[in-house]
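Each chain, written out:
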Protein chains: 2
Amino acid sequence: MASSFTKTATFASFGGKLLKLTHASTATGTPMAVNVYLPPAALQPTPSKVPVLFYLSGLTCTPDNATEKGFFQHAASKLGLALVFPDTSPRGLNLPGEKDSWDFGEAASFYIDATAAPFDKNYRMETYITSELPAALFADAELGSLLDASRVAITGHSMGGHGALTLYLKNPGKYASVSAFAPISNPTRCPWGQKAFAGYLGSEDEGEWRKHDATELVKGWTGRDLKALVDVGTGDKFYQNGQLLPENFEAAVKEAGVEGLELRYQDGYDHSYFFMASFADDHVHHAAKHLGLLDKAASASL
Amino acid sequence: MASSFTKTATFASFGGKLLKLTHASTATGTPMAVNVYLPPAALQPTPSKVPVLFYLSGLTCTPDNATEKGFFQHAASKLGLALVFPDTSPRGLNLPGEKDSWDFGEAASFYIDATAAPFDKNYRMETYITSELPAALFADAELGSLLDASRVAITGHSMGGHGALTLYLKNPGKYASVSAFAPISNPTRCPWGQKAFAGYLGSEDEGEWRKHDATELVKGWTGRDLKALVDVGTGDKFYQNGQLLPENFEAAVKEAGVEGLELRYQDGYDHSYFFMASFADDHVHHAAKHLGLLDKAASASL
């Protein structure tokens, strides 16, 4: 088992290690950057496999933004989770229209597999996030012995919140829990989502679009309770302007008779990393609970 | 009591509020940016005055870097301290030589009052940090009723660690405690400090330079124990290259028979915000202890 990853930097962080990695992706046909945080529990003299929380970033972000500003390492260190911060799209392709706007194309993949040209060959982020990246991590010579492939959860912010919710709903049993900060919860009904889906999936085909919309997907959910935590700031301009629509998601969850969504409106918080950092502990704790980590004494000290 | 500050932004953060402010400084003759974090304890329905921890940033930084990446808000929120993040120099002056290098001039004031032209009229950051800024904050119509002028501590990073240590040592009794991350501890003996002091104070006048060097200042310390916490990463290239020299500071403290310095070498940590974020809780806790906050139940939950 060789490593398919190249390590570009290593940082000590909260008693663990933050690795900046790149690897060649078959799904996207490009090099992909990914940051991995290994908590102290993975680095003991006798290392043991730790569960993994995938964090999907929002529009415009690289893996570094949340790594530097999200504060997820704080609780991950104490509770013993690894964190994986993938990139938000392929980069460096120079496809037509790919860089014309900040909310479409580069750094704006919406974590789906595009079916419309010219994006269909490279914008295959659903395959990358759910299959290729975890497979590469779990098969890696170094990381594979530290990361527990059987215990994985997912979270994300904004476009990444949409990613987390939809990938969770599309793959029952794959992730132990899901959480999201200010997720784009009903993309077929908001400008960001409509623009992205038109570009990546072709002009409006309601059936096709709905397959990538959390509010639509939850109507067909056949799993047990959702194990979902969602935070939205009441001062978030994108929430106020109807880009997020968590109320539609909540209504669909209720209408479907599904249990297990905790949706919290956080008074005065905006869409920024200040919002996420404030509740990062809660989201890591939520994942840890469903990954079976909370019997450990560590949780008491959060 | 009017406000001399203009609020440019407000963010909800860890249950409190982060204010981005600017005000006109007489000391520097320029507008100065400053960020202030108010913990929940300052914002209760019946607000009570909270103690204040000043954080001095390092070379190249604005008030925003530590605000976004330092995570001092986490413990400050729980323990009930306000945080003040001043800027690292005047800006926008366009003095000769001010922008020629990243380690001198703009964003590199070294928190001293310059005596050499052309910097002597505006680079008066010692006066600004120790007198003008706190006076303006404590006299402010809004902030003055929330911040306790009688309970103030100081911390900082790198150049700001030098600032924290020297301003603490120059002003016995002014600050309840001091701490520093990777401080430039003996600037008269390192390239960064020698360049700065030559530019701001004139070419080498050993007597004058020594007045702004923590390792020299501690030799004349007449206060009681230092109440000082210093963290240095063993993987810090600036430490390895002799820019920080905490060992000289420690030796001078010992030689002077002074107690109360806790110097910790943190294995593998570098000079970055990943290092600071990892130990921010400890430094806020250190200040809180000396500001009389640790009897409160809040400390238990850190």
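Look up a bit, the structure's there.
Residues numbered from 1 in each chain as written. Chains lettered and ligands numbered in written order. Predicted model: local features only at pLDDT ≥ 70, side-chain atom pairs only at ≥ 80, totals over all residues. Heavy atoms only, no water.

Draft legend 1. Expanded view of the overall build of chain A. Each helix and strand counted, chain A has 10 helices and 9 strands in total. For chain A, the C-alpha radius of gyration of 18 Å lies close to 19 Å, the compact-globule estimate for 302 residues. Seen along its three principal axes, the alpha-carbon backbone of chain A occupies a region of about 55 × 40 × 35 Å. A buried classification covers 60% of the 302 residues belonging to chain A. Here the contacts in chain A between residues at least 6 apart in sequence split such that 70% fall between residues at least 24 apart. In chain A, 25 positive and 33 negative side-chain charges are present, and the distance between their average locations comes to 5 Å. (Helix = DSSP H or I, 4+ residues; strand = E, 2+ residues; numbered from the N terminus. Rg over C-alpha atoms; globule rule 2.2 N^0.38 Å. Buried < 20%, exposed > 50% of the residue type's maximum accessible area, 1.4 Å probe, protein only. Contact = heavy atoms within 4.5 Å. Lys, Arg positive; Asp, Glu negative; His and termini not counted. Charge placed at Lys NZ, Arg CZ, Asp CG, Glu CD.)

Draft legend 2. Here's a closer look at helix H9 (residues 246-255) of chain A. All names here are of chain A. Along H9, the residues classified as buried are Pro-246, Phe-249, Ala-252 and Val-253. Within H9, the buried residues cover an arc of 125° as seen down the axis, which keeps them to one side. Turned more than 90 degrees away from the buried face of H9, the exposed residues are Lys-254 and Glu-255. Where the residues of H9 are buried, they touch helix H4 (159-170), helix H7 (214-217), strand E8 (228-233), helix H8 (237-240) and strand E9 (261-266). (Arc of directions from axis to C-beta.)

Draft legend 3. Layout of the pattern of salt bridges. All names here are of chain A. Going through the model one piece at a time under the given rule, you end up with 24 salt bridges over all chains. Note that Lys-20 and Asp-64 form a salt bridge whose closest N and O atoms lie 3.3 Å from each other. Placement of Lys-20 in strand E2 (residues 16-24) and of Asp-64 in helix H1 (residues 63-69) is noted, with a sequence separation of 44 residues between them. Classification of Asp-64 as partly exposed rests on a relative accessible area of 25%. Residues Arg-264 and Asp-231 are paired through a salt bridge, measuring 2.7 Å at the closest nitrogen-oxygen approach. Placement of the pair is Arg-264 in strand E9 and Asp-231 in strand E8, with a sequence separation of 33 residues. Arg-264 gets classed as partly exposed once you look at its relative accessible area, which sits at 21%. (Salt bridge = Lys/Arg side-chain N within 4 Å of Asp/Glu carboxyl O.)

Draft legend 4. Quick peek at the interface of chain A and chain B. If you look at the interface, chain A gives 24 residues, while chain B gives 23 residues. Taking both partners together, chain A and chain B bury about 1900 Å²; carbon and sulfur atoms supply 63% of that area. A salt bridge links A:Lys69 to B:Glu68, with the nearest nitrogen and oxygen atoms 3.4 Å apart. Applying the counting rule to chain A against chain B returns 8 residue pairs in polar contact (both at pLDDT 80 or more). Mapped by element, the contributors of at least two residues to the side of chain A that touches chain B are strand E1 (5-13), H1, helix H2 (72-79) and helix H10 (273-290) of chain A. At 4 residues, the largest contribution of residues to the side of chain A that touches chain B is made by H10(A). Here the residues of the side of chain A that touches chain B are counted per class, giving 9 nonpolar, 10 polar and 5 charged. (Buried area = accessible area lost by both parts, 1.4 Å probe. Polar contact = N/O pair within 3.5 Å; in protein donor to acceptor, adjacent residues only side chain to side chain. Nonpolar A, V, L, I, M, F, W, Y, C, P; charged D, E, K, R; others polar.)

Draft legend 5. Structural detail: the environment of B:Gln73. Assignment of secondary structure puts B:Gln73 in helix H2 (residues 72-79). Placed 85 residues apart in sequence, B:Gln73 and B:Ser158 show a C-alpha to C-alpha distance of 20 Å. The residues touching B:Gln73, leaving out its near neighbours within four places in the chain, are A:Phe274, B:Ser13, B:Phe14, B:Leu18, B:Tyr37, B:Thr67 and B:Leu83. Side-chain polar atoms of B:Gln73 contact the backbone oxygen of B:Thr67, separated by 3.0 Å.

Draft legend 6. Molecular detail of the packing of aromatic side chains. Residue and element names in this part refer to chain A. In total, this model carries 41 aromatic pairs over all chains according to the counting rule given. Ring geometry for Tyr-168 against Trp-221: centres 5.5 Å apart, planes inclined by 15°, an arrangement best described as stacked. A residue pair is termed long-range when its members are at least 10 positions apart, and Tyr-168 in helix H4 and Trp-221 in the loop between H7 and E8 qualify at 53 residues. Accessibility classification places Tyr-168 together with Trp-221 in one group, the buried group. The rings of Tyr-55, Phe-72, Phe-85, Phe-181, Tyr-269, Phe-275 and Phe-279 are connected pair by pair, giving a single aromatic cluster. (Phe/Tyr/Trp six-rings, centres within 6.5 Å; stacked < 30°, edge-to-face > 60°.)

Draft legend 7. The arrangement of H4(A) in detail. Residues and elements named next belong to chain A. Spanning 12 residues, H4 covers 16 Å between terminal C-alpha atoms, matching the ideal 16 Å at 1.5 Å per step. For H4, the buried fraction is high: 11 of the 12 residues fall into the buried class. Listed as buried for H4 are Met-159, Gly-160, Gly-161, His-162, Gly-163, Ala-164, Leu-165, Thr-166, Leu-167, Tyr-168 and Leu-169. (Expected span 1.5 Å × (residues − 1).)

Draft legend 8. Up close: the side chain of B:Ser179. With respect to the element layout, B:Ser179 can be found in strand E7 (residues 178-181). We classify B:Ser179 as buried; its relative accessible area is 2%.

Draft legend 9. A look at the relation of the copies chain A and chain B. At an RMSD of 0.0 Å, chain A and chain B line up after a rotation of 180° and a shift of 0.0 Å along the axis. Given the turn and translation reported, the copies of this chain are related as if by a two-fold rotation axis. Proximity to the rotation axis, assessed at the C-alpha, singles out A:Lys69 in chain A; its C-alpha lies 2.6 Å from the axis. Take the interface residues of chain A: 96% of them recur as interface residues in chain B, which is what a same-surface contact looks like. (Least-squares fit on C-alpha atoms with pLDDT ≥ 70 in both.)

Draft legend 10. Representation of the packing of H2(B) against helix H10 (residues 273-290) of chain B. Residues and elements named next belong to chain B. Viewed as axis vectors pointing N to C, H2 and H10 meet at an angle of 30°, and their least axial separation amounts to 7 Å. Viewed along their axes, H2 and H10 adopt a mutual orientation that is roughly parallel. In this structure, H2 meets H10 at a crossing whose hand is right-handed. Residues Phe-72, His-74, Ala-75, Ala-76 and Leu-79 of H2 lie in contact with H10, whose contacting residues are Met-276, Ala-280, Asp-281, Val-284, His-285 and Ala-288. (Axes fitted to C-alpha atoms, helices over the stretch in contact; angles between N-to-C directions. Parallel < 35°, antiparallel > 145°, perpendicular 65-115°, else oblique. Left-handed = near helix turned anticlockwise from the far one by under 90°.)

From the geometry alone we can't say anything about function, so treat these as descriptive.
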